[in-house]
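# Results of the structural survey
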Amino acid sequence: MNDQTKIIKLTTVKDKESGAINTPIQLSSTFQQDDFDHFGEFDYSRSGNPTRKVGENAVAQLENGQYGFLYSTGMAAISSVLETFSQGDHLIVSKFVYGGTFRVFTEVLNRFGIEHTFVDLRDLDQVTAAIQPNTKAIYIETPSNPVLAVTDIRAIVEIAKAHDLLTIADNTFMSPYLQKPLDLGVDIVVHSATKFLSGHSDILAGAAITNDPALADKIYFIQNAVGATLGVSDTWLLLRGIKTLGVRMAQSSSSALTIASWLEQQPAVTRVCYPGLKSSPDYEIQLSQAKNGGAVLSFDVGSENNARILAEAVQIPEFSVSLGGVESILSYPPKMSHAELSPAEQADCGITPGLLRFSVGIEDPADLIADLEQALAQIK
Ligand SMILES: *Cc1c(COP(=O)(O)O)cnc(C)c1O
């Protein structure tokens, strides 16, 4: 079944009593038990809630997974999955990982003795060289933020399987509509559902998905023990938002390709990072593991001052952090998402002073291009 068809069926779980076609919001922390000796499926909402269950199933099945878990934020999902590891375990982590994930590895998990090595996962020899006797997993995020560097998921999975390691993939930037890491052999997928899954910049949410029942048990244990679950009202908003995932991703990714191709032709633009461009060094790997290049691109206008001029001149995109909404969002990574990196660290990650990130929304691409054109014209 086509994903967009699947999403509609998965999120239209009817209320048995009334026939209402939208999943009821079960705002109850506790559930009555009819039998003194035998308890029902739900007892307390941290452990399980009927609305959250619909959302967890929908997200799981979109990733072709069997077990899904929803959390209050993407970071709650990521840190809960990482809490399934123990003191003395070591993980190999993509060097270009999301800043919040970097912080959890370097300032939280390290205090509990969970070790890490950051590696450029595009360099497979470096990956193999980083494996230690206590290495338990490889943590992937592809394409990376903000320069959209692509990791070859199959190649990493092959190395991991040869060394009996798990693989975890942050699939936020692609969404399950464009890329399904579990199908490529990844063990656990995590998401900031704040972004494309919910799609309207109105909630914070996170997800974890697996096909392995033993891993699912461990993830569920931490979800229930630590308790960073997604609230019921936000689950409902996620269910509402996710219904249009397919149409949103189709529109936004097609517009992103049109805009990236146009930007490549502009003299004021010195570099365009978008793995859906044929000129991108990542094009072949990207198209071998995802439907297209996605809905996020970045481009360089030469200097911080030019970036300022452009950001102040655009009329349609919001100038803000985050991505994955129906509205286009322009952000300036050196001062926003990657502000905590030193200039040298930024340079090492390809974050140049003129770099802007553009999360393409569902506005008409011709309007977006006209807007960028008038804004670029302000750069002397
Ligand atoms: C935003 C983001 C996160 C963190 O998610 P929150 O919902 O903000 O906690 C993790 N990974 C990626 C790739 C993100 O873009």
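Just above sits the structure.
Notes on the structure follow. (Residues numbered from 1 in each chain as written. Predicted model: local features only at pLDDT ≥ 70, side-chain atom pairs only at ≥ 80, totals over all residues. Heavy atoms only, no water.)

## Regarding helix α8 (residues 213–226)
Basically, it comes down to this: Runs of H or I in DSSP of at least four residues are treated as helices and runs of E of at least two as strands, each being numbered from the N terminus. By this rule the span expected of a helix is its residue count minus one, scaled by 1.5 Å. Throughout, exposure labels follow a simple rule: accessible area from a 1.4 Å probe, protein chains only, divided by the maximum for the residue type, with under 20% read as buried, over 50% as exposed, and the rest as partly exposed. When we speak of the arc, we mean the arc of directions from the helix axis to the C-beta atoms. Whether two residues are in contact is decided by their heavy atoms: any pair within 4.5 Å suffices. Counted as a polar contact is a pair of N or O atoms within 3.5 Å, where, for protein atoms, one must be capable of donating a hydrogen and the other of accepting one, and residues adjacent in sequence contribute only when both atoms are in side chains.
Here α8 is 14 residues long and its end C-alpha atoms lie 20 Å apart, about the 20 Å a rise of 1.5 Å per residue gives. Among the residues of α8, L215, A216, I219, I222 and Q223 are the ones counted as buried. Seen along its axis, α8 keeps its buried residues to an arc of 130°; they face one direction. Set apart from the buried face of α8 by more than 90 degrees, the exposed residues are A214, D217, F221 and A225. Where α8 is buried, its residues meet α2 (50–62), β1 (67–71), α3 (74–82), β5 (166–170), β6 (188–192) and β7 (206–210). Measuring from the side-chain oxygen of the N-cap residue of α8 to the backbone nitrogen of A214 gives 2.8 Å; that N-cap residue is D212. Among the residues trailing α8, G227 stands out with phi positive, at a value near 85°.

## A closer look at the pairing of strand β9 (residues 296–300)
Basically, it comes down to this: A pair of strands is labelled paired if DSSP reports no fewer than 2 bridges between them.
Judged by how many residues are buried, β9 sits mostly within the fold: 5 of 5 residues are covered. With burial as the criterion, each face of β9 is covered, one bearing V296, S298 and D300 and the other bearing L297 and F299. Relative to β9, strand β8 (residues 271–273) runs antiparallel, the two sharing 3 bridges. Along β9, the bridge assignment pairs V272 with F299. Pairing of β9 with strand β12 (residues 355–359), which is carried by 5 bridges, proceeds in the antiparallel orientation. The residue bridging D300 from the neighbouring strand is L355, located in β12.

## Examining the site of the ligand
Going by this rule: We call a residue near a given molecule or strand whenever any one of its heavy atoms falls within 4 Å of it.
As a matter of local geometry, the ligand sits amid 13 residues, with G74, M75, D170, T194 and K195 nearest to it. The side chain of S192 places a nitrogen or oxygen atom 2.9 Å from an oxygen atom of the ligand. Taking K195, its side chain carries an N or O atom lying 2.7 Å from an oxygen atom of the ligand. For the shell around the ligand, the element with the highest residue contribution is α3, accounting for 3 residues.

## Overview of the packing of helix α10 (residues 245–264) against helix α14 (residues 365–376)
Stated precisely, the cut-off is as follows: Lines fitted to the C-alpha atoms define the axes, with helices restricted to the stretch that makes contact. Angles between their N-to-C directions range from 0 to 180 degrees. In this scheme, a crossing is called left-handed if the near helix is turned counterclockwise away from the far one by less than a right angle; it is called right-handed if the turn is clockwise. We call Asp, Glu, Lys and Arg charged. Ala, Val, Leu, Ile, Met, Phe, Trp, Tyr, Cys and Pro are nonpolar, and the rest, Gly among them, are polar.
As a packed pair, α10 and α14 sit with axes 10 Å apart at the nearest point and diverge in direction by 35°. As α10 runs across α14, the sense of the crossing is right-handed. The segment α10 lies against α14, with Q251, S255, T258, I259, W262 and L263 engaging P365, L368, I369, L372, E373 and L376. When grouped by side-chain class, the residues that make up the contact of α10 with α14 number 8 nonpolar, 3 polar and 1 charged.

## Notes on the sheet that holds strand β3 (residues 115–119)
The 7 strands are arranged β1-β7-β6-β5-β4-β2-β3 in an open sheet whose pairing can be described as mixed. Bordering the open sheet on either side are β1 and β3, each of which pairs with just one other strand. Each strand axis lies, on average, 20° off the axis of its neighbour in the sheet, ignoring direction. Here 5 bridges tie β1 to β7, and the two strands are oriented antiparallel to one another. By the bridge assignment, Y67 is partnered in β7 with T210. Contacts from α2 reach β1 and β7, with the element oriented near 120° to β1. Together, β2 (90–94), β3 and β4 (135–141) form the strand contacts of helix α4 (residues 99–108), whose direction differs from that of β3 by roughly 140°.

## Here we look at the packing of aromatic side chains
Selection criterion: The pairing test for Phe, Tyr and Trp rings, Trp by its six-membered ring, is centres within 6.5 Å, and the orientation test on the planes gives stacked under 30 degrees, edge-to-face over 60, and tilted for anything in between. Sitting over a ring, as applied to charges here, requires NZ of Lys or CZ of Arg to be within 6 Å of the ring centre and within 35 degrees of the ring normal.
Counted according to the given criterion, the structure contains 3 aromatic pairs. Aromatic pair F102 and F118: ring centres 5.0 Å apart, planes at 20°, arrangement stacked. In this pair, F102 is assigned in helix α4 and F118 in strand β3, connecting sequence segments 16 residues apart. Among the residues examined, F102 registers a relative accessible area of 30% and is labelled partly exposed. An angle of 75° between the planes, with centres 6.0 Å apart, marks the rings of F105 and Y139 as edge-to-face. Placement of the pair is F105 in helix α4 and Y139 in strand β4, with a sequence separation of 34 residues. On the accessibility criterion, F105 (0% relative accessible area) is buried. For the cation-ring pair, K291 lies above Y177, with the distance from its terminal atom to the ring centre recorded as 3.7 Å.

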